[in-house]
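# A closer look at the structure
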Amino acid sequence: MFKISKSAVVKLFVAAGISGVVAIAFNSCRNNNTNTTPQTFDGRQLATKYCTSCHMLPEPKLADKKSWQQGILPAMAKNLGLQQYMGQIFADQHSALSSAEWQAIAKWYVSNAPDSLIIPKPDVTPLRDWAGFSLIRPKTVNKQMSAMTTMVSVSPDDHQLYTADASNNLYKWTPDGKSTVVYSFDSPVTGVEFVKRPEGNVGVFTTIGNMMPVDMSKGKIQELNLSQSKPQPPLIITDSLPRPVQTVTTDFNKDGRTGYVVCGFGHDRGGVYYVHQLPNKKYKKELMLGLPGGTQLVKGDFNNDGWMDVMCLFAQNDEGIRIFYNNHKGGFDVKTILRFPPIYGSSSFQLVDFNHDRKLDILYTCGDNSDYSKVLKPYHGIYIFTNLGDWKFKQTYFYHIDGCTKAMAADFKGDGSLGIAAIGFFSDFKYHPEEGFTYLEQTKPNNYIAHQIPVEKYGRWISMDVNDVDGNGSPDIILGNFSIGQRGLLNQSGYKPQWDNFEPIIILKNNINKH
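Each value, and the rule that gives it
- Counting starts from 1 at the beginning of each chain's written sequence and moves along it residue by residue.
- Owing to the predicted nature of the model, reporting of local features is limited to residues with pLDDT of at least 70; listing and counting of side-chain atom pairs is limited to 80 or more, with chain, interface and lining totals taken over all residues.
- The side-chain values count all of the structure's non-hydrogen atoms but skip hydrogen atoms and water molecules.
- The helix and strand labels rest on DSSP assignments: H or I over at least four residues marks a helix, E over at least two residues marks a strand, and numbering proceeds from the N terminus.
- What the globule rule says is 2.2 Å times the number of residues to the power 0.38, and the radius of gyration is computed from C-alpha atoms.
- Buried means the residue's accessible area, taken with a 1.4 Å probe over protein chains only, is under 20% of the maximum for its type, while exposed means over 50%, and partly exposed covers the values in between.
- Throughout, the Shrake-Rupley method with a 1.4 Å probe supplies accessible areas, and for residues the shown protein chains are the sole cover considered.
- For the charge count, each Lys or Arg is scored as positive and each Asp or Glu as negative, with His and the chain ends excluded.
- To locate a charge, take atom NZ for lysine, CZ for arginine, CG for aspartate or CD for glutamate.
- N or O atoms within 3.5 Å of each other form a polar contact, as long as, within protein, one can give a hydrogen and the other can take it, and as long as residues adjacent in sequence are counted only when both atoms are side-chain atoms.
- Strands were regarded as paired on the criterion that DSSP finds at least two bridges between them.
- Axis angles are defined between N-to-C directions and span 0 to 180 degrees, where every axis is a line fitted to C-alpha atoms and, for a helix, only to the segment in contact.
- Expected span, for any helix, means 1.5 Å times one less than how many residues it has.
- Two axes enter the bend calculation: one fitted to the seven residues ending at the residue in question, the other to the seven starting there, and the bend is the angle between them.
- Pairs were defined over the aromatic rings of Phe, Tyr and Trp, the Trp ring being its six-membered one, requiring ring centres within 6.5 Å. Orientation was assigned from the angle between planes: stacked under 30 degrees, edge-to-face over 60, tilted for the rest.
- In this analysis the charged atom, NZ for Lys or CZ for Arg, is taken to sit over a ring once it is within 6 Å of the ring centre and within 35 degrees of the ring normal.
- A patch consists of residues whose relative accessible area exceeds 30% and which take part in no salt bridge; residues with like charges are grouped when within 9 Å of each other, and nonpolar side chains (Val, Leu, Ile, Met, Phe, Trp, Tyr) when within 5 Å.
- Every case where a carboxyl oxygen of Asp or Glu lies within 4 Å of a side-chain nitrogen of Lys or Arg is listed as a salt bridge.
- Residues belong to a common nonpolar core when they are buried Ala, Val, Leu, Ile, Met, Phe, Trp, Tyr or Cys residues joined through side-chain atoms within 4.5 Å.
- By the convention used here, residues are in contact when the closest approach between their heavy atoms is within 4.5 Å.
- Disulfides are defined as cysteine sulfur pairs within 2.5 Å.
- A residue's pLDDT is simply how confident the predictor is in it, with values from 0 to 100.

As recorded in an unreviewed UniProt entry, the chain goes by VCBS repeat-containing protein and comes from Mucilaginibacter jinjuensis.

## Remarks on the overall build of the chain
For the chain, the count of helices and strands is four helices and 30 strands. Here the C-alpha radius of gyration of the chain, 23 Å, is about what a compact globule of 515 residues would show, namely 24 Å. A burial count over the chain gives 60% of its 515 residues as buried. Summed over its atoms, the accessible surface of the chain is roughly 20,700 Å², and 49% of this surface lies on carbon and sulfur atoms. With 52 positive and 48 negative side-chain charges, the chain shows a separation of 3 Å between the mean positions of the two kinds.

## Section: the side chain of Gln-316
Topologically, Gln-316 is positioned in the loop between strand S17 (309–314) and strand S18 (320–326). Within the structure, the side chain of Gln-316 is placed 2.6 Å from the backbone oxygen of His-267, a separation counted as a polar contact.

## Considering the sheet that holds strand S29 (residues 476–481)
With antiparallel pairing, the four strands of this open sheet are ordered in space as S3-S30-S29-S28. At either margin of the open sheet sits one strand with a lone partner, and together these are strand S3 (133–136) and strand S28 (461–467). This sheet shows a mean twist of 20° between the axes of neighbouring strands, independent of strand direction. When S3 meets strand S30 (residues 505–510), the two strands line up antiparallel, connected through four bridges.

## A look at helix H3 (residues 65–79)
The end-to-end C-alpha separation of H3 is 20 Å, in line with the 21 Å expected for 15 residues at 1.5 Å each. At Ile-72, H3 is deflected by roughly 40°, the largest bend along its length, and proline Pro-74 occurs up to four residues later in sequence. The complete set of buried residues in H3 reads Ser-67, Trp-68, Gly-71, Ile-72, Leu-73, Pro-74, Ala-75, Met-76, Ala-77 and Asn-79. N-capping of H3 is provided by Asp-64, with a side-chain oxygen placed 3.2 Å from the backbone N of Lys-66. Gly-81 lies just past H3 and shows a positive phi near 80°.

## Re the packing of aromatic side chains
With the rule as written, the count across this model stands at 26 aromatic pairs. Judged by centre distance (5.9 Å) and plane angle (75°), the rings of Phe-133 and Phe-412 are edge-to-face. Within this pair, whereas Phe-133 is found in strand S3, its partner Phe-412 is found in the loop between strand S24 (404–410) and strand S25 (419–424), the two being separated by 279 residues in sequence. Look at Tyr-495 and Trp-499: their rings are 6.3 Å apart centre to centre, the planes differ by 45°, and that puts the pair in the tilted class. Across this residue pair, the class does not change: Tyr-495 and Trp-499 are buried. Ring pairs connect the aromatic residues Phe-340, Tyr-344, Tyr-364, Tyr-379, Tyr-383, Phe-385 and Phe-398, which therefore count as one cluster. Seen from the ring of Tyr-273, Lys-285 lies directly overhead, with NZ or CZ sitting 5.9 Å from the centre.

## Regarding unusual backbone geometry
The phi torsion of most residues other than glycine is negative, and most of the peptide bonds are trans. With a phi angle near 55°, Ser-240 is a residue other than glycine that sits in the positive phi range. Inspection of the secondary structure assignment puts Ser-240 in strand S11 (residues 235–241). Of note, Asn-317 is a non-glycine position whose phi angle comes to about 60°, a positive value. Inspection of the secondary structure assignment puts Asn-317 in the loop between S17 and S18.

## Side note on a nonpolar patch on the surface
Together, Tyr-85, Met-86 and Phe-90 give the surface a local cluster of nonpolar side chains, amounting to about 390 Å² of exposed area. Locating Met-86 in the fold gives a position in the loop between strand S1 (83–85) and strand S2 (88–90).

## Here's the deal with the nonpolar core
Trp-102, Ile-105, Met-311, Tyr-344, Ile-362, Tyr-364 and Trp-391 are the most contacted members of the largest nonpolar core, which totals 46 residues. Counting residues per element, this core draws most heavily on helix H4 (residues 99–112), which supplies seven residues. Those residues in contact with Trp-391 that lie beyond four places of it in its chain are Phe-302, Met-311, Ile-323, Tyr-325, Ile-337, Leu-351 and Leu-360.

## Brief notes about the pairing of strand S15 (residues 283–289)
Both strand S14 (residues 271–277) and S15 contribute to a ladder of six bridges, which runs antiparallel. In the strand pairing of S15, Tyr-273 is matched with Leu-287. Two successive antiparallel strands, S14 and S15, enclose a turn made up of five residues, where Lys-281 displays a positive phi of approximately 65°.

## What to know about the sheet that holds S18
Spatially, S16-S17-S18-S19 is the arrangement adopted by the four strands of the open sheet, whose pairing is antiparallel. Only two strands of the sheet have a single neighbouring strand rather than two, namely strand S16 (294–300) and strand S19 (332–339). The mean angle between the axes of side-by-side strands here comes to 20°, regardless of whether they run parallel or antiparallel. Bridge count for S18 against S19 is seven bridges, and the pairing is antiparallel. Among the inter-strand pairings, Asn-326 is bridged to a residue of S19, identified as Phe-332.

## Topic: the pairing of S30
Of all six residues in S30, five are buried; the element is thus mostly enclosed. Bridge count for S29 against S30 is four bridges, and the pairing is antiparallel. Bridging across to S30, Leu-479 finds its partner in Ile-506.

## Topic: the state of the cysteines
Counted according to the given criterion, the structure contains zero disulfides. With no disulfide partner, Cys-312 has as its closest neighbouring cysteine sulfur the one in Cys-263, 4.9 Å distant. By relative accessible area, which is 0% here, Cys-312 ends up buried.

## Some details on the confidence of the model for the chain
When the pLDDT values of the chain are averaged, the result is 90; 91% of them are 70 or greater. Note that residues 1–34 has pLDDT below 50 and, in this model, 166 contacts with residues that lie over four places away or in other chains.

## With respect to H4
The end-to-end C-alpha distance of H4 is 20 Å, a good match for the 20 Å that 14 residues give at a rise of 1.5 Å each. Looking only at H4, the buried set comprises Glu-101, Trp-102, Ala-104, Ile-105, Ala-106, Trp-108, Tyr-109 and Val-110. Lining the buried residues of H4 we find helix H2 (43–51), H3 and S2.

## Here's the deal with the pattern of salt bridges
With the rule as written, the count across this model stands at 17 salt bridges. With its nearest N and O atoms 2.5 Å apart, the salt bridge here joins Asp-186 to Lys-220. Here Asp-186 is found in the loop between strand S7 (179–184) and strand S8 (189–197), whereas its partner Lys-220 is found in strand S10 (residues 219–225), with 34 residues between them in sequence. Lys-284 is paired through a salt bridge with Glu-286; the nearest N and O atoms lie 3.6 Å apart.

Quick look at the structure:
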């Protein structure tokens, strides 16, 4: 997603907080030039100097004073090589700046930050209805196992629904909610791409290796033949990947063999990799960009030169969307097309021609909120960036959703309009649990009617796919439940989760264009 990757789970898994791994504001802000002393201790100038070589400068208004003082600034100090003792922060010979410089930076942030963030209210109260959808729940549920869905995805050719969970299992579902275990991998599946091969329908699965936020490279790309009644052990394409999230495939170098691009979210270290298939059926892995936080890939010929390129959303450190242009020589040249502050918590994107001008626009969400500023944020939600040409963009729409995790656009009504389905893993569950799922019905370009469909009691949604599950030509919505609410994944005190702890998925069957 792109055919967009359907594993929004890692946007939250890795990038969203499910394992505590989330975009760390100010991560990797290091500067080795310790001999340069600014002429004046201007906090903004110093923050700009020491941080913008790594990412955009976060403005003080993006977090409240308490979050800056108790969360963000101590994390920033650590990454600048500063020492901390009994609540005090000071420089030593290994620090990137002096104590006086640090104090100026901290004072600028705290002095200019608001006491609290003001959360916008919708101009029009969302409708509380089913908006033309009907609910399908699992036929049987294991009450001994908490729902920890890590991936939901529908194969576009045969409309087969697959899901995966944190227990390493891959499931196949019928349209009416019956499931069977297909295979058990060696670590959780976070993404899949379906490929038609002579031997049948093959799933190219990305397995993360380790869900915890650590710098361990145990992830893999694995191919499993899904056409077999009892699948044989998968083919390992490559391993030793830093907590990979998604893989896309095609013949990138036009040698007649499938190539693979995979984003390894990692932790402090990560990267995007290109895996060549060699003539002897072996594979060679090459680093395309050594940057952590890669969380979603889209493939396409983005400069119309006849060669396939790749687009990637980075959800940590230097957050943004980058195009990797195919250089026709077995490699890629990278270009940043959108960039966001490292506190945004980027979570998903999709390429969609919203205004029907034959230029792909960007549907983007941010809402990862399990880091050093665990407060509701007014800039979390759904964005539309309109393509002005040559991959330059202008923001033309925003709809606030607390802790927004993923959004997908589709013609739900069958009339050419593009509605948007959105989930929020870090929503305001204490006061507005209905924010967990929102359907935006398009009335005209950049105008929507919001429907908050009453599904919040069935789960906490971390993954979603929009596709035709029953093969009737209408896009349905599948929501994956990651029900675990403890260990730092709840940001609101005094709240006891009210969602179902065991149902792994629900299906919202589309009845809209049948009326």
